[in-house]
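# Examining the three-dimensional arrangement
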Amino acid sequence: MIANSQTVLLSGPDVGRLEQEYVLAALQSGWIAPVGPDLDRFEREIADRAGVPHAVGVTSGTAALHLALLGLGIGPGDVVVVPTLTFVATANVVVYTGATPVFADCDPVTGNLDPDLLAALLAELSAEGAPVRAVLTVDLYGSCADYERILPLCAGYGIPVIEDAAEALGATHRGRAAGSFGRAAALSFNGNKIITSSGGGMLLTADGELAGRARHLAGQARLPAEHYEHAEVGYNYRLSNLLAALGRAQLCRLDEMIERRRAVHDAYAKVFAHLDGVSLLGDADPAANCWLTCVVVDPDRAGWSAAELAAHLAERNVETRPLFKPMHLQPLFAGARAALSGAAERLFRTGLALPSGSALTPEQVRRVLDEITEFLDGHR
Ligand SMILES: *Cc1c(COP(=O)(O)O)cnc(C)c1O
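Since this is a predicted model, take the numbers as computed values, not measurements.

## Describing the pairing of strand S13 (residues 293–297)
For S13, a buried count of 5 out of 5 residues is recorded, marking the element as mostly surrounded by other parts of the structure. Pairing of strand S12 (residues 278–280) with S13 involves 3 bridges; the strand directions are antiparallel. For Leu280, the partnering residue across the bridge sits in S13 and is Val295.

Next comes the structure, spelled out in structure tokens:
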């Protein structure tokens, strides 16, 4: 499918007048260069929203994850446990530090890290004396991982948790905000995420020392001296003030945008209700931000496959996407250690992400629902 102006997008950016006002005001303020008052405010506002004391605005969610690992002193020889069902950035950052990712499979219903499997894996790694320095959790498609079980489990081994909440801003888990779990968390404001700053991310933590360390490393590790003084390798990771202004406008609209995504999710739930072998991923979580709605189809029971639905929609100019291809199946991580149940691979082969963006018009949503209904009618 080649996208054009008629294409219904999976999760396009949702920007309007408020965003224009904020960016224009930032431009007119003269704070064009890296840091500035919008960045300071954006950090404060995101920290407040997540209920976390410290936030460091950076160029991407990937940079935030990288800094979280560096802030914990993770490096060559270390092991970090990563869910296999995720976007590649979660695993790449481990490799950036020189540490080794060990992959763990997911819960078949939620798609998030399987706590039972994690327990068995940590016991095994501990018995081997493996230097496990962190467990990276992912709040997949905007639904929080099972922190009730994962946090105490990791605490029992003295292993810090880092939360990849790139997709989960605005979601909660038992009343606590995504981004507030673990020693540090990462948010993403990439173009397809729940809010966008065009590109950007944020590191969240209650640990002031870790936040300070991340801020230092994100600014090329420049020491406070008139001349350019450096004692270690740093990174050019700070978010620009202009992009922070865009992010601030988006944050004002976060709740409204989540409501729109949830309404789209609920409409899909109705269309797929009572169909044998068909479910929505993580549908039981009422506190998800509904970033992407994913349908999971057992073709033997349903009589049709997710791939067939994808082809039907592509012909009608509607964008869909398979779920993330698990990391242990990627050529990049061929040969990596992985604790597997088969759940992630099954979701990858039977799942489909549907148009879910808050920028979808009511007409577009109706069009997609009609196309799905037509497809289902043809497969009864
Ligand atoms: C988007 C995403 C990232 C990376 O965020 P960027 O801002 O694109 O670098 C990391 N992890 C997950 C799960 C993501 O979805």
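## Remarks on the site of the ligand
Taken together, 15 residues surround the ligand, and among them Thr62, Asp164, Glu167, Ser188 and Lys193 come closest. The contact in question runs from an oxygen atom of the ligand to an N or O atom on the backbone of Gly61, over 2.7 Å. Notes on the ligand: free accessible area 380 Å², of which the protein chains cover 93%. Listing elements by their share of the shell around the ligand, those giving two or more residues are helix H3 (61–71) and helix H4 (89–96).

## Describing the pattern of salt bridges
Within this structure, the stated rule accounts for 23 salt bridges. For the salt bridge of Glu128 with Arg337, the shortest nitrogen-to-oxygen distance reads 2.8 Å. In this pair, Glu128 is assigned in helix H5 (residues 115–128) and Arg337 in the loop between helix H11 (306–315) and strand S14 (338–339), connecting sequence segments 209 residues apart. Its relative accessible area of 32% is what places Arg337 among the partly exposed residues. Here Glu319 ties to Arg321 by a salt bridge, and the two come within 3.0 Å at their closest N and O atoms. Taken together, the shared-partner salt bridges in this structure form one network comprising Asp14, Glu19, Arg253 and Glu256.

## Describing the pairing of strand S9 (residues 201–205)
Within S9, 5 of the 5 residues are buried, which leaves the element mostly enclosed by the surrounding structure. Judged by which residues are buried, S9 turns out to be covered on both faces: Gly201, Leu203 and Thr205 on one side and Met202 and Leu204 on the other are all buried. One ladder, built from 5 bridges, connects strand S1 (residues 54–58) with S9; its direction is antiparallel. Residue pairing for S9: Val58 is matched across the bridge by Gly201. As judged from the 5 bridges shared by strand S8 (residues 184–188) and S9, these two strands associate in the antiparallel manner. Considered in S9, the bridge of Ser188 is made with Gly201.

## Looking at the nonpolar core
Here is a general trend for soluble globular proteins: nonpolar side chains tend to be buried in one another's company. Ranked by internal contacts, the top residues of the largest apolar core, which has 64 residues, are Ile46, Val81, Leu118, Leu122, Tyr141 and Leu169. Mapped onto the domain boundaries, this core takes at least three residues apiece from domain 1 (17–252) and domain 2 (254–377). Once you skip the residues sitting within four places of it in the chain, Leu122 turns out to touch Val81, Val132, Val135, Leu153, Cys154, Tyr157 and Ile159. Listed in part, the 33 residues of the second largest apolar core include Val56, Val80, Ala91 and Leu136.

## Remarks on the sheet that holds strand S15 (residues 351–354)
With antiparallel pairing, the 3 strands of this open sheet are ordered in space as S12-S13-S15. Every interior strand has two partners, whereas the edge strands, S12 and S15, have only one. Sheet twist, expressed as the mean angle between neighbouring strand axes with direction ignored, is 25 degrees. Pairing of S13 with S15, which is carried by 4 bridges, proceeds in the antiparallel orientation. Bridge assignment links Val295 to a residue of S15, and that residue is Leu352. The sheet contacts of H11 involve S13 and S15, and relative to S15 the element is tilted by about 30 degrees. Across the sheet, helix H12 (residues 343–350) is in contact with S13 and S15; its angle to S15 comes to roughly 55 degrees.

## Examining helix H2 (residues 37–50)
Over its 14 residues, H2 extends 20 Å from the first C-alpha to the last, a length consistent with the 20 Å expected when each residue adds 1.5 Å. Of the positions making up H2, those classed as buried are Asp38, Leu39, Phe42, Glu43, Ile46, Ala47 and Ala50. Across the axial projection of H2, the buried residues extend over an arc of 165 degrees, all falling on one side. One or two positions beyond H2, positive phi appears at Gly51, with a value near 70 degrees.

## Regarding the environment of Ala314
By the element assignment, Ala314 lies in helix H11. A residue is classified by how much of its surface remains accessible, and Ala314, at 30% relative accessible area, is partly exposed. Ala314 sits 311 residues away from Ala3 along the chain, and the two C-alpha atoms are 9.7 Å apart.

## A look at the side chain of Thr320
You can see Thr320 is positioned in the loop between H11 and S14. On the basis of relative accessibility, which here comes to 17%, the residue Thr320 falls in the buried class. Aside from chain neighbours lying at most four places away, what touches Thr320 is Leu10, Ala310, Leu313, Leu352, Ala353, Leu354 and Pro355.

## Description of the domain arrangement of the chain
When the domains of the chain are assigned, the result is domain 1 (17–252) and domain 2 (254–377). One C-alpha centre belongs to domain 1, the other to domain 2, and the line joining them spans 25 Å. Listed as interface residues are 44 residues of domain 1 and, on the opposing side, 33 residues of domain 2. Carbon and sulfur atoms supply 61% of the area that domain 1 and domain 2 bury against each other, a total of about 3,200 Å² over both sides. When the area that domain 1 buries against domain 2 is broken down by residue, the three leading residues are Phe103, Tyr141 and Ile194, summing to 26%. Linking domain 1 to domain 2 there are 3 salt bridges. Of all the secondary structure elements, the ones that give two or more residues to the side of domain 1 that touches domain 2 are H4, strand S3 (100–104), H5 and helix H8 (241–252). Here the element with the most residues in the side of domain 1 that touches domain 2 is H5; it accounts for 5 residues. Class assignment for the residues of the side of domain 1 that touches domain 2 results in 26 nonpolar, 11 polar and 7 charged.

Rules of the game
- Residues numbered from 1 in each chain as written.
- Predicted model: local features only at pLDDT ≥ 70, side-chain atom pairs only at ≥ 80, totals over all residues.
- Heavy atoms only, no water.
- Buried < 20%, exposed > 50% of the residue type's maximum accessible area, 1.4 Å probe, protein only.
- Helix = DSSP H or I, 4+ residues; strand = E, 2+ residues; numbered from the N terminus.
- Pairing = 2+ DSSP bridges.
- Near = heavy atom within 4 Å.
- Polar contact = N/O pair within 3.5 Å; in protein donor to acceptor, adjacent residues only side chain to side chain.
- Areas by Shrake-Rupley, 256 points an atom, 1.4 Å probe, with all protein chains shown as cover.
- Salt bridge = Lys/Arg side-chain N within 4 Å of Asp/Glu carboxyl O.
- Core = buried A, V, L, I, M, F, W, Y, C linked by side-chain atoms within 4.5 Å.
- Domains from an automatic or database assignment.
- Contact = heavy atoms within 4.5 Å.
- Axes fitted to C-alpha atoms, helices over the stretch in contact; angles between N-to-C directions.
- Expected span 1.5 Å × (residues − 1).
- Arc of directions from axis to C-beta.
- Buried area = accessible area lost by both parts, 1.4 Å probe.
- Nonpolar A, V, L, I, M, F, W, Y, C, P; charged D, E, K, R; others polar.

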